[in-house]
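# Summary of the model geometry
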Amino acid sequence: MQDFDLVIRGGTVVTAADSACADVGVRDGKIVAIGLELDPGRREIDATGLRVMPGGIDSHVHLAQPAFGGPAMADGFESGTRSAIAGGNTTVIPFALQSRGMSLRQAVTDYHAEAEGRAYCDYGFHLILTDPTPAVLGQELPALVAGGYTSLKVFMTYDDMVLNDRELLEVFDAAGEQGALVMVHCEGYDAIRFMTEKLEKAGKLAPYYHAVSRPQSVEREAAHRAISHAELTGVPIMIVHVSGREAMEQIRWAQNRGLKIMGETCTQYVSLTADDLKGLNMDDTGSKYVCSPPPRDRESWDAIWNGIQTGVFQTFSSDHCPFYFEGEMGKKNPKARTGFRWVPNGIPGVAVRMPILWSEGVVKGRITENQFVALTSTNHARIYGLTTKGSIAPGYDADIVLWDPDRRVTISQSLMHHGSDYTPWEGYEVTGWPQATILRGEVVMQDGEILGSKQGGRFLPRALSPMAARGASAPLG
Ligand code: URP
Ligand code: ZN
Ligand code: ZN
């Protein structure tokens, strides 16, 4: 007789590879058996009619990160990870942001202090490099990569973060030496500044003009430049939050040439459009949707789906970057009302990523449920070096979402469990919703009720990504 702490019985186990009716046996937080008619466990969950899938891994979330110009984020680790488990996730990878002049190690220490004892799910950290001095690249980065911070993000825009081409090349090269994966925010700084100043001179200040100030050509140009730098240095990169056809086609072009370029897209690029930034009448409700790159149009949704279906994109993330709407620190704070340039960029979305992808993707026949698992969990684990996460197989952490494939839900603020005072998807209807989230064998969310504790999440040092190795084989399909 086998000894199980938990048996999840009678569901359909879905992995990135296949789907099968089977029971899942869990002991000491690990999956230890998958099979038919497993022996009884100390706890049993009836999963009849449910999909039993790897817990979501959202590899692109921002928590406790200050915005440029001051506004505090609406989510620290407590509310951000609570929202994550409400949406079926068991792991998030937020960022440790190095401010200019600051040591990278200090940034990591500070973010650990933010996270410690406040996380409902497991977490790692990507680094954000804004000041790639020789000491940062030559000493701090190698030590941090060896300590499990195996990916880093760089920006091609934003006053406080932008790196010039020489700096990008230096970072790519240093990351390549260490085998760390570089994530690139591709939008061209000078083009955005040029457009912003022209729009401001013309009195075009409403939130919608945020989208006009950074059209697809700005993203396409930056994506092409990042790809060229990756080629020159021989380093694989991940182009994050791709919003439409033009940047997507750059990635496809690079992949077809055999370059190791990966792509990420996000919920907002298949469900929101730039018209949402108009608000009711070019008013500041549009600021609820201000994020970068901005959502585009319905033709872009089709292009993004095409990129998902054909393997241009490996990961589907939220880019959860939550701000308040109301108040002195909100998106319509007094300074933000003077022009779109001052509206904090980012929207909250960690809780809706999986439901919207299931609803728009699986239910509408655009992707299979196995692709859904790859895009929301397995590929994130493989690409970012989470060796015990992202699958349902003996030896893996028992991080599981029990998914009701048919449940119809109207998204509302009350379901989000996040810190923001709004959701951009208020009133959006989905089919498919997480019924329970299980973190290392413990039920941490059931029927929308948070059962886990903010001491429940653990820091995850990550392995080097096989996909980040110089000369790695072609990207994941
Ligand atoms: O608007 C967004 N997404 N802000 C978050 C920062 C980033 O670039 O990912
Ligand atoms: Zn970014
Ligand atoms: Zn982001």
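That block above? That's the structure.
The text that follows walks through the structure, step by step, so that each part is easy to find. (Residues numbered from 1 in each chain as written. Chains lettered and ligands numbered in written order. Predicted model: local features only at pLDDT ≥ 70, side-chain atom pairs only at ≥ 80, totals over all residues. Heavy atoms only, no water.)

## Topic: the site of ligand 1
Filter applied, for reference: Here a residue counts as near a molecule or strand whenever at least one of its heavy atoms sits within 4 Å of it. Polar contact criterion, stated in full: a pair of N or O atoms within 3.5 Å, where within protein one must be able to donate a hydrogen and the other to accept it, and residues adjacent in sequence count only if both atoms are side-chain atoms. Accessibility throughout is a Shrake-Rupley quantity obtained with a 1.4 Å probe, and a residue counts as covered only by protein chains that appear here. Under the convention adopted here, Pro, Cys and the residues Ala, Val, Leu, Ile, Met, Phe, Trp and Tyr are nonpolar, Asp, Glu, Lys and Arg are charged, and Gly plus all remaining residues are polar.
Ligand 1 sits among His-60, His-62, Lys-153, Phe-155, His-185, His-241, Cys-291, Ser-292, Asp-319, Cys-321, Asn-345 and Gly-346. Contact distances for ligand 1 include 2.7 Å between an oxygen atom and a backbone N or O atom of Ser-292. For ligand 1, whose accessible area on its own is 260 Å², the fraction buried by protein is 99%. Per-class residue counts for the shell around ligand 1 are 3 nonpolar, 7 polar and 2 charged.

## Some words on the pattern of salt bridges
Heads up, the condition is: Salt bridges are defined by distance alone: a side-chain nitrogen of Lys or Arg within 4 Å of a carboxyl oxygen of Asp or Glu. Going along the chain from the N terminus, every DSSP run of H or I of four or more residues is numbered as a helix, and every run of E of two or more is numbered as a strand. Exposed residues in this analysis have more than 50% of their type's maximum accessible area, buried residues have under 20%, and partly exposed residues fall in between, with area computed by a 1.4 Å probe over protein chains only.
With the rule as written, the count across this model stands at 31 salt bridges. Linking Lys-30 and Asp-397 is a salt bridge whose minimum nitrogen-to-oxygen distance equals 2.7 Å. Of this pair, Lys-30 sits in strand S3 (residues 30-35) while Asp-397 sits in the loop between helix H11 (369-383) and strand S16 (400-410), placing them 367 residues apart in sequence. When its relative accessible area of 29% is taken as the criterion, Lys-30 is described as partly exposed. Given a relative accessible area of 9%, Asp-397 falls into the buried group. The shortest N-O distance in the salt bridge between Arg-193 and Glu-197 comes to 3.9 Å. Placement of both Arg-193 and Glu-197 in helix H5 (residues 189-201) is noted, with a separation of 4 residues, approximately one turn of the helix.

## Structural notes on the coordination of the zinc ion (ligand 3)
The condition is simple: Coordination shells were defined by N, O and S atoms within 2.8 Å of each metal, extended to 3.2 Å for Na, K and Ca; water is absent from the atom set, which can make sites look incomplete. Under this scheme a four-donor centre is tetrahedral when all angles range from 85 to 135 degrees, a four-donor centre is square planar and a six-donor centre octahedral when opposite donors are above 155 degrees with the rest from 65 to 115, and any other centre is irregular.
Coordination of the zinc ion (ligand 3) by the protein involves His-60 (NE2), His-62 (NE2) and Asp-319 (OD), with metal-donor separations of 1.9 to 2.0 Å. Given 4 donor atoms and angles of 91 to 125° at the metal, the environment of the zinc ion (ligand 3) is assigned as tetrahedral. Read in sequence order, the donor residues for the zinc ion (ligand 3) give the motif H-x1-H-x256-D. A gap of 4.0 Å separates the zinc ion (ligand 3) and the zinc ion (ligand 2). Taken together, the positions of His-60 in the loop between strand S6 (56-58) and helix H1 (77-86) and Asp-319 in the loop between strand S15 (315-317) and helix H10 (353-363) put the pair 259 residues apart, joining distant regions of the chain. On the basis of relative accessibility, which here comes to 0%, the residue His-60 falls in the buried class.

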